[in-house]
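# Observations on chain architecture
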Amino acid sequence: MTKTQADLLLSVVIFIVAIAFWIPTRELRQGSLFPTAVIAIMTLLAIVLFLKSIFIAVKKKRPKDTFAFQKEKAYSVAGIAVAGVLYVYIIPFVGYYTMTVIFTSLLFILMSRTPFNWKTVGRSLLGGCFVTIFIYVAFGYMLNVRTPAGILF
């Protein structure tokens, strides 16, 4: 996958995630300024990246396979996008910290360059736990930020 292809795919994924984040924030009455600003910036940057990748591809006049994706990488990116969207919608039911462990572990597995085996799963779960503990200490303990409660937290 070339850099142009990766940029094009990344811009589409960022745009999809921005839309997925925007839908739940429409219901917020107070405190919606920051999430709305972040979503607007994400959308703007996704559009800029998309246009940049298109202009570079046209300028270089690459062969027809410029936008042909490798299936494995396309599935990985699609899995990350689906996981990101599901993460946003499942948090109210399962809880922020529980879902963050699952989500970050899944991201580590999907982005891993090593073959899929139990060792990779174990490392991914360990990494997901460390990331979640760091987030809990930084935001939940030190900054006293409330997170959505769920089954376990």
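Details of the structure are given in the entry above.
So, a few notes on the structure that sits alongside this text. (Residues numbered from 1 in each chain as written. Predicted model: local features only at pLDDT ≥ 70, side-chain atom pairs only at ≥ 80, totals over all residues. Heavy atoms only, no water.)

Further remarks concern the overall build of the chain. Broken down by element type, the chain carries 5 helices and 0 strands. Walking the chain from its N terminus toward its C terminus, one meets helices and strands in the order α-α-α-α-α. Among the 153 residues that make up the chain, the fraction classed as buried is 29%. Carbon together with sulfur atoms contributes 73% to the accessible area of the chain, which is approximately 11,000 Å² in total. (Helix = DSSP H or I, 4+ residues; strand = E, 2+ residues; numbered from the N terminus. Buried < 20%, exposed > 50% of the residue type's maximum accessible area, 1.4 Å probe, protein only. Areas by Shrake-Rupley, 256 points an atom, 1.4 Å probe, with all protein chains shown as cover.)

The subject of this paragraph is helix α2 (residues 33–60). The terminal C-alpha atoms of α2 lie 40 Å apart, and with 28 residues this matches the ideal 40 Å at 1.5 Å per residue to within 8%. Among the residues making up α2, those that are buried are Ile39, Met42, Ala46, Leu49, Ser53 and Ala57. Taken together, the buried residues of α2 touch α1 (3–25). (Expected span 1.5 Å × (residues − 1). Contact = heavy atoms within 4.5 Å.)

Turning to the environment of Phe55, a few remarks are in order. Mapped onto the elements, Phe55 comes out in helix α2. You can call Phe55 exposed: its relative accessible area is 57%. Linking Phe55 and Thr4, residues 51 residues apart in sequence, is a C-alpha distance of 9.6 Å.

Let us look at the packing of aromatic side chains. Evaluated as defined, the whole model comprises 3 aromatic pairs. Pairing Tyr87 with Phe103 gives two aromatic rings, centres 4.3 Å apart and planes at 20°, and the pair type is stacked. Remark: Phe103 occurs in helix α4 (residues 96–111) and Tyr87 occurs in helix α3 (residues 71–94); sequence separation between them is 16 residues. Phe103 sits in the buried class, given a relative accessible area of 15%. Between Tyr97 and Tyr136 the ring centres are 5.3 Å apart and the planes differ by 80°, which places this aromatic pair in the edge-to-face class. Residue Tyr97 is found in helix α4, and its partner Tyr136 is found in helix α5 (residues 118–142); the two are separated by 39 residues along the sequence. With a relative accessible area of 42%, Tyr136 lands in the partly exposed category. By way of ring pairs, the aromatic residues Tyr96, Tyr97 and Tyr136 are connected into one cluster. (Phe/Tyr/Trp six-rings, centres within 6.5 Å; stacked < 30°, edge-to-face > 60°.)

Helices that pack against each other are described as a pair by the angle of their axes relative to one another and the distance between those axes. Direction vectors running N to C along α1 and α2 enclose 155°, while the axes themselves pass 8 Å from each other. Here α1 is positioned roughly antiparallel relative to α2, judged by the angle of their axes. Here the hand of the crossing between α1 and α2 comes out left-handed. (Axes fitted to C-alpha atoms, helices over the stretch in contact; angles between N-to-C directions. Parallel < 35°, antiparallel > 145°, perpendicular 65-115°, else oblique. Left-handed = near helix turned anticlockwise from the far one by under 90°.)

So, on to the environment of Phe103. Linking Phe103 and Thr132, residues 29 residues apart in sequence, is a C-alpha distance of 9.9 Å. Discounting chain neighbours no more than four positions away, the residues touching Phe103 are Ala83, Gly84 and Tyr87.

This part covers the packing of α4 against α5. Interaxial distance between α4 and α5 falls to 8 Å at its minimum, and their mutual angle equals 140°. The angle between α4 and α5 places the two elements in the oblique class. Handedness of the crossing formed by α4 with α5: right-handed. Mapping the contact onto sequence places Tyr96, Tyr97, Thr100, Val101, Thr104, Ser105, Phe108 and Ile109 in α4 and Val121, Ser124, Leu125, Gly127, Gly128, Cys129, Val131, Thr132, Ile135, Tyr136 and Gly140 in α5. Broken down by class, the residue content of the contact of α4 with α5 amounts to 11 nonpolar, 8 polar and no charged. (Nonpolar A, V, L, I, M, F, W, Y, C, P; charged D, E, K, R; others polar.)

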